[in-house]
Amino acid sequence: MMRNALLAVLAALTMTACAHAPSLVQFANNAELIAQGPLPTAPLFVRLFRLQATGECDGPRCPEVSVQIAVSELGEYPRQALFATPAADDWQFVEWGEYPRQAPQKEGDVMPVVVALKATRHGVSQVRRFAITLDGVRPIE
């Protein structure tokens, strides 16, 4: 029962765009690059940074972790964006994926970059796939 409730909460918590952005100092001192890519031919360049909140561990409990997702177009004057996952006990990069093939909505639309991340909350881990664009990050069911 608790696992289902946790999974429902994780599903409901979609990526949030810089609502609780870390300070530049915290980011520069504590961020760990966990993935970048996915491929040189991809429409967007994505960097994933694992960022642990400041503080010390208290027994088995440590400060929560988020993934900061930096997205950039390629080119001379690229549009760029930054998004963050909800906080969890841990986040890990799993793999880059492919978006299900479909026609772009309108001319000039760029296909999303897909990433699989593993979130751990209260000892329960779940692999989630997300579609990343310059407009946001959304879970893929």
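Here, the structure is the one placed above.
Being a predicted model, the structure only gives us computed values, none of them experimental. (Residues numbered from 1 in each chain as written. Predicted model: local features only at pLDDT ≥ 70, side-chain atom pairs only at ≥ 80, totals over all residues. Heavy atoms only, no water.)

## Observations concerning the side chain of Arg50
The criterion, for reference: Put simply, DSSP H or I for four residues or longer makes a helix, DSSP E for two residues or longer makes a strand, and each gets a number counted from the N terminus. Only protein chains enter the accessibility calculation, which uses a 1.4 Å probe; a residue whose area is less than 20% of its type maximum is buried, one above 50% is exposed, and one in between is partly exposed. Definition of a polar contact: a pair of N or O atoms within 3.5 Å, with one able to donate and the other able to accept a hydrogen when the atoms are protein atoms, and with sequence-neighbouring residues admitted only if both atoms are side-chain atoms. The contact rule is simple, with two residues in contact once any of their heavy atoms fall within 4.5 Å.
Locating Arg50 in the fold gives a position in strand β2 (residues 44-52). Judged by its relative accessible area of 17%, Arg50 falls in the buried class. In this structure the side chain of Arg50 is engaged in a polar contact, spanning 2.6 Å, whose partner is the side chain of Asp90. Of note is the side chain of Arg50, whose polar atom sits 3.5 Å from the backbone oxygen of Trp91. With residues up to four places along the chain from it excluded, the contact list for Arg50 reads Asn30, Ala31, Glu32, Ile34, Val65, Ser66, Asp90, Trp91 and Gln92.

## Here's the deal with unusual backbone geometry
With an omega of 10°, the peptide bond running from Gly37 to Pro38 counts as cis. Topologically, Pro38 is positioned in the loop between β1 (32-37) and β2. In this structure, His122 is a non-glycine residue whose phi angle is positive, near 55°. Within the secondary structure, His122 is located in the loop between β6 (113-121) and β7 (124-133).

## Considering the pairing of β6
Which entries qualify depends on this criterion: Strand pairing is assigned whenever DSSP detects at least two bridges linking the two strands.
Taken across its nine residues, β6 has eight buried, putting it largely inside the fold. Sheet topology places strand β5 (residues 90-97) next to β6; seven bridges connect them, and they run antiparallel. Bridge pairing in β6 links Glu95 to Ala116. Relative to β7, β6 runs antiparallel, the two being bridged by nine bridges. Bridging from a neighbouring strand, Val114 pairs with Ala131 of β7. Taking the residues between adjacent antiparallel strands as the criterion, β6 and β7 are bridged by two residues, where His122 takes a positive phi near 55°.

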